[in-house]
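Fold and contact review
Below are the chains, spelled out letter by letter.
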Amino acid sequence: MAEVQAQLQALSEEYQKLQQELQAAVDARQKIESQRQENLGVQKEFERLKDGESIYKLAGPILLKQDKVEAESTVKGRLEFIGKELERSEGQIKEIQDKLEKKKGEIIQIQAGLQPPTGAPGKAAVKA
């Protein structure tokens, strides 16, 4: 019985560790999504620019003038990279969720084995 309790405790700790991993992965995905939204906003701003308007890039404490084609290319490249990162992150989240489900099943199986078998109701009662 103590061995089963120890096994259940270990599984429970692994489950909690997986939950923490999942939360970290979800947080990372949210950060990537926020970067994606920011870059999409920049891309929309580029579309609104009229010919001849300047684009400036913040480099440390100064603003540097940047060529429109170069700036658009940079943002497009970032969006492609972010898209790949989102796919990778979603795959990681799915993998952790699958591990969590498997671990949950193991815990439920052990808990079911710990419960005493149930007999017919009323048969176990002792008559006085």
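To keep things clear, this report deals only with the structure shown in the data block. Because the structure is predicted, anything quoted here is derived from the model rather than measured.

Thresholds applied
- Residues numbered from 1 in each chain as written.
- Predicted model: local features only at pLDDT ≥ 70, side-chain atom pairs only at ≥ 80, totals over all residues.
- Heavy atoms only, no water.
- Salt bridge = Lys/Arg side-chain N within 4 Å of Asp/Glu carboxyl O.
- Helix = DSSP H or I, 4+ residues; strand = E, 2+ residues; numbered from the N terminus.
- Buried < 20%, exposed > 50% of the residue type's maximum accessible area, 1.4 Å probe, protein only.
- Expected span 1.5 Å × (residues − 1).
- Contact = heavy atoms within 4.5 Å.
- Core = buried A, V, L, I, M, F, W, Y, C linked by side-chain atoms within 4.5 Å.
- Axes fitted to C-alpha atoms, helices over the stretch in contact; angles between N-to-C directions.
- Parallel < 35°, antiparallel > 145°, perpendicular 65-115°, else oblique.
- Left-handed = near helix turned anticlockwise from the far one by under 90°.
- Nonpolar A, V, L, I, M, F, W, Y, C, P; charged D, E, K, R; others polar.
- Patch = residues over 30% accessible without salt bridge, like charges linked within 9 Å, V, L, I, M, F, W, Y side chains within 5 Å.
- Areas by Shrake-Rupley, 256 points an atom, 1.4 Å probe, with all protein chains shown as cover.

Let us now look at the pattern of salt bridges. All told, the structure shown has 10 salt bridges when counted by the stated rule. We note a salt bridge from glutamate 72 to lysine 68, for which the minimum N-O separation is 4.0 Å. Of the two residues, glutamate 72 and lysine 68 are both situated in helix α2 (residues 68-114); the distance of four residues between them amounts to about one turn of the helix. Notably, a salt bridge pairs lysine 99 with glutamate 95, separated by 3.6 Å at the nearest N-O pair. Here the residue lysine 99 and the residue glutamate 95 both occupy positions in helix α2, the gap between them amounting to four residues, near one helical turn. Among the residues examined, glutamate 95 registers a relative accessible area of 46% and is labelled partly exposed. One network of salt bridges, with partners in common, ties together Arg29, Glu33, Arg36 and Glu90.

Further remarks concern α2. Spanning 47 residues, α2 covers 68 Å between terminal C-alpha atoms, matching the ideal 69 Å at 1.5 Å per step. Taken together, the buried positions of α2 are Ala71, Val75, Leu79, Ile82, Leu86, Ser89, Ile93, Ile96, Leu100, Lys103, Ile107 and Ile110. Elements that come into contact with the buried residues of α2 comprise α1 (2-48), β1 (55-59) and β2 (62-66).

Leu18, Leu22, Ala25, Ile93, Ile96 and Leu100 form the largest nonpolar core, which has six residues in total. Sorting the residues of this core by element identifies α1 and α2 as the ones contributing at least two each. Apart from residues no more than four positions distant in its own chain, isoleucine 96 is found in contact with Leu18, Glu21, Leu22 and Ala25. Counting residues in hydrophobic clusters, the runner-up holds five residues, among them Phe46, Ala71, Val75 and Leu79.

Viewed as axis vectors pointing N to C, α1 and α2 meet at an angle of 160°, and their least axial separation amounts to 8 Å. In terms of axis orientation, α1 runs roughly antiparallel to α2. For α1 against α2, the interelement crossing comes out left-handed. Of the residues contributing to the contact of α1 with α2, the split by class is 23 nonpolar, 11 polar and 14 charged.

The subject of this paragraph is the environment of glutamate 72. By relative accessible area, which is 32% here, glutamate 72 ends up partly exposed. Measuring from C-alpha to C-alpha, the distance between glutamate 72 and glutamine 43 comes to 7.1 Å, with 29 residues separating the pair along the chain.

Here we come to a nonpolar patch on the surface. A surface patch of nonpolar side chains, amounting to about 370 Å² of accessible area, comprises Tyr56, Leu58 and Leu63. Its location among the elements puts leucine 58 in strand β1. Under the relative-accessibility criterion, leucine 58 is labelled exposed at 61%.

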